[in-house]
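Inside the fold
If you want the building blocks of each chain, they are given just below.
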Amino acid sequence: MELEVIQNKIFEIRGCKVMLDFDLALLYNVENKALKQSIRRNINRFPSDFMFELTEFEFESLRSQIVTSNRGGVRYMPFAFTEQGIAMLSSVLNSEKAIEINISIIRAFVTMRQFTLSYSELKTRIEEIENQFPDIYKALNYLVDKDKLGSNTKERTKIGYKK
């Protein structure tokens, strides 16, 4: 399974990176109803930091982000699974397909975490450079701002013959 496909199904809700039950059901090639049933039968394996149920407001705002249809009306709000909850799913859905998909999902989470760490490290290093060379930083900001102001001027009307 391609990591990019999985990464597009990871959302940030309540400050956690999560995947939703209907996306996981598609990946595992099982019905969402069967997935939820397996989870409810093993609910003690999924504490609140592994899985939580979305509120109606969260689901509505998420639906506008992922541009989904109404799904024929949802009786129950979807479950959101953290990385640990997804790892626990492999023990609940005991199949080769579940294990294979879980490995791909965990790799996608790790890749995203590495990207986040490298981004924050880069930001820290830039701030250190700004603190070491404040004059150069001010000069660069002045040049950038000057270019922005110069682009806002109106184009002058041309003088000459018009065709």
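Everything quoted here is computed from the prediction, not taken from an experiment.

Criteria and thresholds
- Residues numbered from 1 in each chain as written.
- Predicted model: local features only at pLDDT ≥ 70, side-chain atom pairs only at ≥ 80, totals over all residues.
- Heavy atoms only, no water.
- Helix = DSSP H or I, 4+ residues; strand = E, 2+ residues; numbered from the N terminus.
- Buried < 20%, exposed > 50% of the residue type's maximum accessible area, 1.4 Å probe, protein only.
- Contact = heavy atoms within 4.5 Å.
- Areas by Shrake-Rupley, 256 points an atom, 1.4 Å probe, with all protein chains shown as cover.
- Arc of directions from axis to C-beta.
- Core = buried A, V, L, I, M, F, W, Y, C linked by side-chain atoms within 4.5 Å.
- Salt bridge = Lys/Arg side-chain N within 4 Å of Asp/Glu carboxyl O.

**What about the overall build of the protein?**
Along its length, the protein carries seven helices and four strands. Secondary structure of the protein in N-to-C order comes out as α-β-β-α-α-β-α-β-α-α-α. Burial analysis of the protein (163 residues in total) assigns 28% to the buried set. Across the protein, every contact between residues at least 6 apart in sequence was considered, and the portion connecting residues at least 24 apart equals 71%. A total of about 12,300 Å² of accessible surface is found on the protein, and carbon and sulfur atoms cover 53% of it.

**Here we look at helix H3 (residues 32-41)**
Listed as buried for H3 are Leu35, Lys36, Ser38 and Ile39. Here the buried residues of H3 occupy an arc of 160° about the axis, which is enough to place them on one side. The outward face of H3, more than 90 degrees from its buried face, is lined by the exposed residues Lys33 and Arg41. Next to the buried residues of H3 lie helix H2 (21-28), strand E3 (51-53), strand E4 (79-81) and helix H5 (83-92).

**Remarks on the nonpolar core**
Judged by nonpolar contacts, the single largest core of 22 residues is most densely connected at Met19, Leu24, Tyr28, Phe81, Leu89 and Ile105. Elements with a contribution of two residues or more to this core: H2, H3, E4, H5 and helix H6 (96-132). Counting residues per element, this core draws most heavily on H6, which supplies five residues. Setting aside residues up to four positions removed in sequence, Tyr28 forms contacts with Leu35, Ile86, Leu89, Leu93, Lys97, Ala98, Ile101, Asn102 and Ile105. Among the nonpolar cores identified, the runner-up in size contains 11 residues, and Val18, Leu20, Leu62 and Met77 belong to it.

**Some details on the pattern of salt bridges**
With the rule as written, the count across this model stands at four salt bridges. Among the ionic pairs, Lys17 bridges to Glu12, the shortest N-O distance being 3.2 Å. The class for Lys17 is partly exposed, based on a relative accessible area of 35%. A salt bridge links Arg14 to Glu58, with the shortest nitrogen-to-oxygen separation between them at 2.7 Å. Linking Arg14 in the loop between strand E1 (11-13) and strand E2 (16-20) with Glu58 in helix H4 (residues 56-66), this pair joins segments that are 44 residues apart in sequence. The class of Arg14 is partly exposed, set by a relative accessible area of 46%. Since its relative accessible area comes to 16%, Glu58 is described here as buried.

All we've got here are geometric facts, nothing functional implied.
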